[in-house]
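In case you want the letters, here they are:
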Amino acid sequence: QVQLVESGGGLVQTGGSLRLSCAASGSIFSINAMGWYRQAPGKQRELVAIITSGGITNYADSVKGRFTISRDNAQNTLYLQMNSLKPEDTAVYYCYADRVVATTLAKYDYWGQGTQVTVSS
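Quantities reported herein were computed from a predicted structural model and do not represent experimental measurements.

### Section: the overall build of the chain
For step 1, the next point in the chain: Scanning the chain from N- to C-terminus turns up zero helices and eleven strands.
For step 2, the next point in the chain: In the chain, the succession of helices and strands from N to C terminus is β-β-β-β-β-β-β-β-β-β-β.
For step 3, the next point in the chain: Computed over its C-alpha atoms, the radius of gyration of the chain comes to 14 Å, within 12% of the 14 Å expected for a compact globule of 121 residues.
For step 4, the next point in the chain: Viewed in the frame of its principal axes, the chain has a C-alpha envelope of about 50 × 25 × 25 Å.
For step 5, the next point in the chain: Long-range contacts, defined as pairs at least 24 residues apart, comprise 55% of the intrachain contacts of the chain with a sequence gap of at least 6.
For step 6, the next point in the chain: Surface summary for the chain: the accessible area is close to 6,400 Å², and the carbon and sulfur share equals 50%.

### Considerations on the nonpolar core
Proteins that are soluble and globular tend to have nonpolar side chains buried together.
For step 1, the next point in the chain: Membership of the largest hydrophobic core comes to 30 residues, with the highest contact counts inside it found for Leu4, Trp36, Leu80, Met82 and Tyr93.
For step 2, the next point in the chain: Sorting the residues of this core by element identifies strand E1 (2–7), strand E3 (18–26), strand E4 (31–39), strand E5 (46–51), strand E7 (67–72), strand E8 (77–82), strand E9 (91–100) and strand E11 (115–120) as the ones contributing at least two each.
For step 3, the next point in the chain: Sequence-distant contacts of Met82, that is, excluding residues within four places in its chain, are made with Gly16, Ser17, Leu18, Leu20, Arg66, Phe67, Tyr93 and Val117.

### With respect to the pattern of salt bridges
For step 1, the next point in the chain: In the structure shown here, the tally under the stated rule is five salt bridges.
For step 2, the next point in the chain: Close ionic contact of Arg38 with Asp89 constitutes a salt bridge, the shortest N to O distance being 3.0 Å. One end of the pair, Arg38, is in strand E4; the other, Asp89, is in the loop between E8 and E9, with 51 residues separating them in the sequence. Exposure class is identical for Arg38 and Asp89. Each is buried.
For step 3, the next point in the chain: Overlapping salt bridges bring together Arg38, Glu46, Arg66 and Asp89 as one network.

### Considering the side chain of Arg38
For step 1, the next point in the chain: Judged by relative accessible area, which is 6%, Arg38 ranks as buried.
For step 2, the next point in the chain: Looking at Arg38, its side chain comes within polar contact range of the side chain of Glu46, at 2.7 Å.
For step 3, the next point in the chain: Of the polar contacts made by the side chain of Arg38, one reaches the side chain of Ser62; its length is 3.4 Å.
For step 4, the next point in the chain: Among residues more than four places away in sequence, those in contact with Arg38 are Gln44, Arg45, Glu46, Val48, Ser62, Val63, Phe67, Glu88, Asp89, Ala91, Val92 and Tyr93.

### Considerations on the pairing of E1
For step 1, the next point in the chain: Because side chains alternate across E1, one face comprises the buried residues Val2, Leu4 and Glu6, and the other comprises Gln3, Val5 and Ser7, none of which is buried.
For step 2, the next point in the chain: Examined bridge by bridge, E1 and E3 share six bridges and lie antiparallel to one another. Within E3, the position partnered with Glu6 by the bridge is Cys22.

What counts and what doesn't
Residues numbered from 1 in each chain as written. Predicted model: local features only at pLDDT ≥ 70, side-chain atom pairs only at ≥ 80, totals over all residues. Heavy atoms only, no water. Helix = DSSP H or I, 4+ residues; strand = E, 2+ residues; numbered from the N terminus. Rg over C-alpha atoms; globule rule 2.2 N^0.38 Å. Contact = heavy atoms within 4.5 Å. Areas by Shrake-Rupley, 256 points an atom, 1.4 Å probe, with all protein chains shown as cover. Core = buried A, V, L, I, M, F, W, Y, C linked by side-chain atoms within 4.5 Å. Buried < 20%, exposed > 50% of the residue type's maximum accessible area, 1.4 Å probe, protein only. Salt bridge = Lys/Arg side-chain N within 4 Å of Asp/Glu carboxyl O. Polar contact = N/O pair within 3.5 Å; in protein donor to acceptor, adjacent residues only side chain to side chain. Pairing = 2+ DSSP bridges.

In structure tokens:
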């Protein structure tokens, strides 16, 4: 099992910045990719950014150049630096991790409880 706890959300004005953190605990030794998803009211959850255990990153087109994902494996923490925030970035942001069991190749997905980000115009 992996537990994920997000922090760092809040209210910010357009153009402002926020930094989200996600602390992982539990069976962290077998975590593969980690990432951030978001869900706005009335919309489906969407990928924001993802980073593999090897440090390869991928971003949604809507956040490229504004958001930066990083992970500190020593601290078991995932970050999302969000700059130049826009009202359309308003959503609940969820931390995600996946884990593959080496002996069975079974894959498990884990989610945090979410943190609200609100960008005022």
